[in-house]
Amino acid sequence: MTDRFSPGTRVQTCRTDPSHHSRLPRYARGAVGTILEPQGQHPLADDRARGLPCDPLPVYTVRFAARDLFDEGEHSVTLDIWESNLMPVEGAEVDQG
Amino acid sequence: MSGEHHGTDATLAAQVRHVEALLEERGLVDPAELDRALEAFLARASPANGSRVVARAWLDAGFRARLLADGNTALVELGLSMGGGLQEQRLKVVENTADAHNVIVCTLCSCYPIALLGPSPTWYKSEAYRSRVVRGPRAVLAEFGFDLDPAVAITVWDASAETRYLVLPRRPAGTHGLDERSLAALVTRNGLIGVAPV
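Residues numbered from 1 in each chain as written. Chains lettered and ligands numbered in written order. Predicted model: local features only at pLDDT ≥ 70, side-chain atom pairs only at ≥ 80, totals over all residues.

(A) Structural context of the overall build of chain A. Counting its regular elements, chain A contains two helices and five strands. When the helices and strands of chain A are read in sequence order from the N terminus, they spell out β-β-α-β-α-β-β. In terms of C-alpha radius of gyration, chain A reaches 13 Å, essentially the compact-globule figure of 13 Å for 97 residues. Expressed as lengths along the three principal axes of its C-alpha atoms, the size of chain A is roughly 40 × 35 × 20 Å. For chain A, the proportion of its 97 residues judged to be buried stands at 33%. Considering only residue pairs separated by 6 or more positions, chain A has 55% of its internal contacts joining residues 24 or more positions apart. (Helix = DSSP H or I, 4+ residues; strand = E, 2+ residues; numbered from the N terminus. Rg over C-alpha atoms; globule rule 2.2 N^0.38 Å. Buried ≥ 20, exposed ≤ 12 C-beta atoms within 10 Å, placed from the backbone. Contact = placed C-beta atoms within 7 Å.)

(B) Representation of the environment of Q12 of chain A within the structure. Its location among the elements puts Q12 of chain A in strand β1 (residues 10–13). Between the alpha carbons of Q12 of chain A and P43 of chain A there is a distance of 21 Å; along the sequence they are 31 residues apart.

(C) Region of the structure containing the pairing of strand β4 (residues 76–82) of chain A. A large share of β4 of chain A lies buried, amounting to seven of its seven residues. Of the two faces of β4 of chain A, the one carrying S76, T78, D80 and W82 of chain A and the one carrying V77, L79 and I81 of chain A are both buried. Looking at chain direction, strand β3 (residues 56–65) of chain A and β4 of chain A are connected through seven bridges and run antiparallel. Counterpart to T61 of chain A in the pairing with β4 of chain A is D80 of chain A. Where β4 of chain A meets strand β3 (residues 153–158) of chain B, four bridges bridge the pair, whose relative direction is parallel. Pairing of L79 of chain A across the sheet is with D158 of chain B, part of β3 of chain B. (Pairing = 2+ DSSP bridges.)

(D) The interface of chain A and chain B, seen in detail. With 17 residues of chain A at the interface, the matching set in chain B holds 18 residues. Of the residues forming the side of chain A that touches chain B, the biggest block, seven residues, is contributed by β4 of chain A. When the residues that make up the side of chain A that touches chain B are grouped by side-chain class, the tally is eight nonpolar, seven polar and two charged. (Nonpolar A, V, L, I, M, F, W, Y, C, P; charged D, E, K, R; others polar.)

(E) Just the nonpolar core, in detail. Within the largest apolar cluster, 61 residues are counted, with the highest numbers of intra-cluster contacts made by I81 of chain A together with I104, V105 and V156 of chain B. Tallying contributions element by element places helix α3 (residues 47–59) of chain B first for this core, with five residues. Once residues lying within four places of it in the same chain are set aside, the contact partners of I104 of chain B are W157, A159, Y165, V167, I193 and G194 of chain B. (Core = buried A, V, L, I, M, F, W, Y, C linked by C-beta atoms within 7 Å.)

(F) View of the packing of α3 of chain B against helix α4 (residues 61–69) of chain B. Residues and elements named next belong to chain B. Where α3 meets α4, the closest approach of the two axes is 5 Å, and the angle between their N-to-C directions is 125 degrees. The orientation of α3 relative to α4 falls into the category oblique. Residue-level contacts link V53, R56 and A57 of α3 to F63, R64 and L67 of α4. Of the residues contributing to the contact of α3 with α4, the split by class is four nonpolar, no polar and two charged. (Axes fitted to C-alpha atoms, helices over the stretch in contact; angles between N-to-C directions. Parallel < 35°, antiparallel > 145°, perpendicular 65-115°, else oblique.)

(G) Looking closely at helix α8 (residues 127–135) of chain B. Within the sequence span of α8 of chain B, burial applies to Y129, R130, V133 and V134 of chain B. The arc that holds the buried residues of α8 of chain B, viewed along the axis, is 105 degrees, so those residues lie on one side. (Arc of directions from axis to C-beta.)

(H) Structural context of the sheet that holds strand β5 (residues 86–88) of chain A. Strand order in the open sheet formed by seven strands is β5(A)-β1(A)-β2(A)-β3(A)-β4(A)-β3(B)-β2(B), and the pairing between neighbours is mixed. Of all strands in the sheet, those with a lone pairing partner are β5 of chain A together with β2 (100–105) of chain B, marking the two edges. Going from strand to strand, the sheet's axes swing by 35 degrees on average, the running direction of each strand aside. Running over the sheet, α8 of chain B touches β4 of chain A together with β2 and β3 of chain B and is turned about 150 degrees from β2 of chain B.

(I) Unusual backbone geometry, seen in detail. Phi angles above zero are rare outside glycine, and D71 of chain A is one such case at about 70 degrees. Since 7 C-beta atoms lie within 10 Å of it, D71 of chain A is described here as exposed.

(J) Just the pairing of β3 of chain B, in detail. Summarising the sheet, β2 of chain B and β3 of chain B pair through six bridges and their orientation is parallel. Within β3 of chain B, the position partnered with N102 of chain B by the bridge is T155 of chain B.

(K) Summary view of α3 of chain B. Residues and elements named next belong to chain B. End to end, α3 covers 19 Å across 13 residues, agreeing with the expected 18 Å (1.5 Å per residue, within 8%). Burial analysis of α3 places 10 of its 13 residues in the buried class, the great majority of the element. Turning to α3, the residues buried within the fold contact α4, α5 (71–76), α6 (114–117), β4 (163–168), α10 (180–184) and α11 (189–193). (Expected span 1.5 Å × (residues − 1).)

(L) Main features of the environment of V29 of chain B. Residues and elements named next belong to chain B. By the secondary structure assignment, V29 is in the loop between α1 (8–25) and α2 (31–44). A residue is classified by how many C-beta atoms lie within 10 Å of it, and V29, with 15 of them, is partly exposed. If sequence neighbours within four positions are ignored, V29 has contacts with L23, E24 and L34.

This is the structure we're talking about:
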């Protein structure tokens, strides 16, 4: 499986808040950020924790402006996010490679 | 997540013991082997490792560049590794500069580079630190007695997958001529987490 997103791509995180374990923290749900770098591929912990089959998926470092997460703050927050929890932002440049 | 702050460590320890007992009962782990693996890992896990990495990076620009580009590969040069657990964890070293400061947290649990920093301090695992540092890092740093220049931009690194983070602090002024050992002695655990200057 190749990386879908390249550094600099604008992405949005999933909006849904599942009842099971998830490595996408609630404060970052539905937020728009920028891919910093790929981190390689790892089994999705959300599935692994429930004993479901889980092939390794790309994980990315994603940078968010604090203002986009909390409506305040001048700092940045980065999170490590599995590809299945990210979608491209419409209208933003997406690497088709 | 429960709002209960007291006795969190004790509750966690009880849960871990329970899981361990179940694994042993089902023959999935050998208790003696588990003890040996944990002892061997913790014997090597110390903040002295992180301090050595930083001192070398301050003295050797080539090592510093390699460390920032690929932490795991650079560690091998010092005889260190992010292995020791079930799988090798990815290490990302983030560098403080005159304009940029970095702080580490794990808001979901307490992910931490144990191999380089030893077991994490209790406050790092507290709900107060984990929930507040992502929202207002400058105020949290001030509570640690660290009044960061308002012009310096802060990045908070929330370790939510398989990467562990280490802060490369700025080298203090007036340390020219010091050797690696003397420089390492200046580095503190809190400096490597990003809640204190060095």
